[in-house]
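If you want the building blocks of each chain, they are given just below.
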Amino acid sequence: MSEKQHKAEHRNRPTGAAFMAFMREGWAPRAAGLPELSEAARYAADRRAAVSAQFPGERLVIPAGGLKIRSNDTDYVFRPHSAFAHLTGLGADREPDAVLVLEPSDSGTGHDACLYFVPLADRDSEEFFADSRSGEFWVGSRPTLQSASAELGLPTRHLSELPDALAKDVGPSGLAVRVVREADREVAQQVDEIRTQAGLTSEEQVSAAQESDQQLTRTLSTMRMVKDAWEVQQMQEAVDATATAFDAVVEQLPEAVRRGRGERWIEGVFGLHARHAGNGVGYDSICAAGDHATTLHWIRNTGEVQDGQLLLLDAGVETDALYTADVTRTVPVSGTFTAPQRRVYEAVLEAQEAGLAAVRPGNRFKDVHAAAIEVIARHLLDWGLLPEDVTLEQTLDAEEGQFHRRWMVHGTSHHLGIDVHDCAQALRADYVDAELREGMVLTVEPGLYFKADDLLVPEELRGIGVRIEDDVVVTADGARNLSAMLPRTPDEVEAWVRAGGVR
Ligand code: GLY
Ligand code: MN
Ligand code: MN
């Protein structure tokens, strides 16, 4: 549920009966007609059926989460929990405090879904003009129970009916209920209280119930790994918009240099395009010039952008349906790599090619990292950077080696989707150790990062950070690079910068 706001004491609103009556009258009728079933909703129905099959006879509670306060009575922009978005098809900022409940069907097989939320209030209510979080005067028109039902293909009920719906028939020999705890702590607490009232009070019962909640969360996270056709299309749209935003950034490089505070300028240019083409950025953009590129998640973006430096831009547009791209390009600000910059870039590119080639069904997720990191390790060995006498085999040893990781401490890949690090609750066996399957979308993003104060590398390499990141979908017999339209070889990248972002 939404955090309770701290309303300012000094404000007051008129409450006189005559004023209230005046506010209720004189409004044109609301538009008649209902929305069409959304495209996302059709796919969400299949996803709910898949969840249903895994938890027969149990009540499943998937909250969207609530509004978080930024300060006093001002909230952060709302983003629904990813499991909720996936199982309803709702995206953007919809719908604070909503809860999806999958109720075991009376027929004994499958579940009936119902969405509980706060619908648009009638104009004869105080909420209509006085509630700054749900009132039409404050946040605009919102769905009614009927319109949300038509859009999502689900029965809908007022949120006030949720407590009874959660409590019904729960007990030691009654219905089991599971909740995605992290999505909404208050709803999780409600479920805990219901369990307590139903007599599930022993330590064993409490921990078993919480473990069953975790299992639901894990299952919902894991089932997002293989994307359906609509999701793959969303990912391509996210990447296409990201590529356009990258072009705009490259076009603005001279301006970023000229204005000063250039990393901020880059962040703004990318953000402008992300907000225009989609819902916004899928994560805080990393706009890192020079040595900042050696900080993996440099999201402060407070630095200068200068000729002679590399700019590492790691950024992604998120679609209205919340699917995000995650792409990195590292470009010479001046349009020409220096010799050491090019050497590092080419090593990373070779590693990425090896990683990309390993993305195919039947290979395991971890094979992608193994392929890329071996190339990284070999270059570092050839450049004489590994400890003396350490061989390639020794550094690649998982237990005793890994010296090369000083310069690439992160993994090469992660699943990508509604979350930038998608499916993060999945078990290792289902993620890192699992085979790649058609429909999975992952990044391939090796890098090399030589910090300015790293005394173990030659001076000419210090302050150089390079990452190249593409988003790929696993196909029946290999992979398709969704971000292949963006320049990647050093010559292509130089030409792109020199042409002012024209590909
Ligand atoms: N942008 C974060 C990552 O590449 O994983
Ligand atoms: Mn990234
Ligand atoms: Mn990534």
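Residues numbered from 1 in each chain as written. Chains lettered and ligands numbered in written order. Predicted model: local features only at pLDDT ≥ 70, side-chain atom pairs only at ≥ 80, totals over all residues. Heavy atoms only, no water.

(A) Broad picture of the site of ligand 1. Inspection of the region around ligand 1 gives Tyr-283, His-297, Asp-314, Asp-326, His-414, His-421, Glu-445 and Glu-469 as its neighbouring residues. In this structure, Asp-326 approaches ligand 1 through a side-chain N or O atom, which is 3.2 Å from an oxygen atom. Taking Glu-469, its side chain carries an N or O atom lying 3.2 Å from an oxygen atom of ligand 1. Expressed as a share of its isolated accessible area of 200 Å², the protein-covered part of ligand 1 is 90%. Residue composition of the shell around ligand 1, grouped by class: one nonpolar, three polar and four charged. (Near = heavy atom within 4 Å. Polar contact = N/O pair within 3.5 Å; in protein donor to acceptor, adjacent residues only side chain to side chain. Areas by Shrake-Rupley, 256 points an atom, 1.4 Å probe, with all protein chains shown as cover. Nonpolar A, V, L, I, M, F, W, Y, C, P; charged D, E, K, R; others polar.)

(B) Structural view of helix 12 (residues 262–277). Look at helix 12: 23 Å from first C-alpha to last across 16 residues, which is about the 22 Å you get at 1.5 Å a residue. Among the residues of helix 12, Gly-262, Glu-263, Ile-266, Val-269, Phe-270 and Ala-274 are the ones counted as buried. Projection of helix 12 onto a plane perpendicular to its axis shows the buried side chains occupying an angular sector of 130°, all on one side. Opposite the buried face of helix 12, by more than 90 degrees, sit the exposed residues Leu-272, Arg-275 and His-276. (Helix = DSSP H or I, 4+ residues; strand = E, 2+ residues; numbered from the N terminus. Expected span 1.5 Å × (residues − 1). Buried < 20%, exposed > 50% of the residue type's maximum accessible area, 1.4 Å probe, protein only. Arc of directions from axis to C-beta.)

(C) Geometry of the coordination of the manganese ion (ligand 3). For the manganese ion (ligand 3), the full set of protein donor atoms is Asp-326 (OD), His-414 (NE2), Glu-445 (OE) and Glu-469 (OE), and the range of their distances to it is 2.0 to 2.1 Å. One way to put it: the six donor atoms around the manganese ion (ligand 3) meet at angles of 51 to 158°, and that makes the site irregular. Taken in chain order, the donor set of the manganese ion (ligand 3) reads D-x87-H-x30-E-x23-E. Separating the manganese ion (ligand 3) and the manganese ion (ligand 2) is a distance of 3.2 Å, and Asp-326 donates to both of them. Note that His-414 is positioned in the loop between helix 15 (392–396) and strand 13 (441–444) and Glu-469 in the loop between strand 15 (464–467) and strand 16 (470–474), a separation of 55 residues in sequence. (Donors = N, O, S within 2.8 Å, 3.2 Å for Na, K, Ca; no water. Tetrahedral: all angles 85-135°; square planar, octahedral: opposite > 155°, others 65-115°.)

(D) How the structure looks around empty space enclosed by the protein. Tallying each qualifying case throughout the model produces two cavities of 30 Å³ or more. Computed from the structure, the largest cavity encloses a volume of approximately 40 Å³. As for the largest cavity, its lining consists of Phe-246, Val-249, Val-250, Leu-311, Leu-313, Arg-329, Val-331 and Trp-496. Breaking the lining of the largest cavity down by element, the ones donating at least two residues are helix 10 (229–251), strand 10 (310–315) and strand 12 (327–332). Here the element with the most residues in the lining of the largest cavity is helix 10; it accounts for three residues. Looking at the lining of the largest cavity residue by residue, the class counts come to seven nonpolar, no polar and one charged. Its boundaries defined by the atoms lining it, the second largest cavity holds a volume of some 40 Å³. (1 Å grid on protein atoms, 1.4 Å probe; cavity = no way out; pocket = protein on both sides within 12 Å on 5 of 7 lines; lining within 4 Å. Points joined across faces, edges and corners; volume = space filled by probe spheres on them.)

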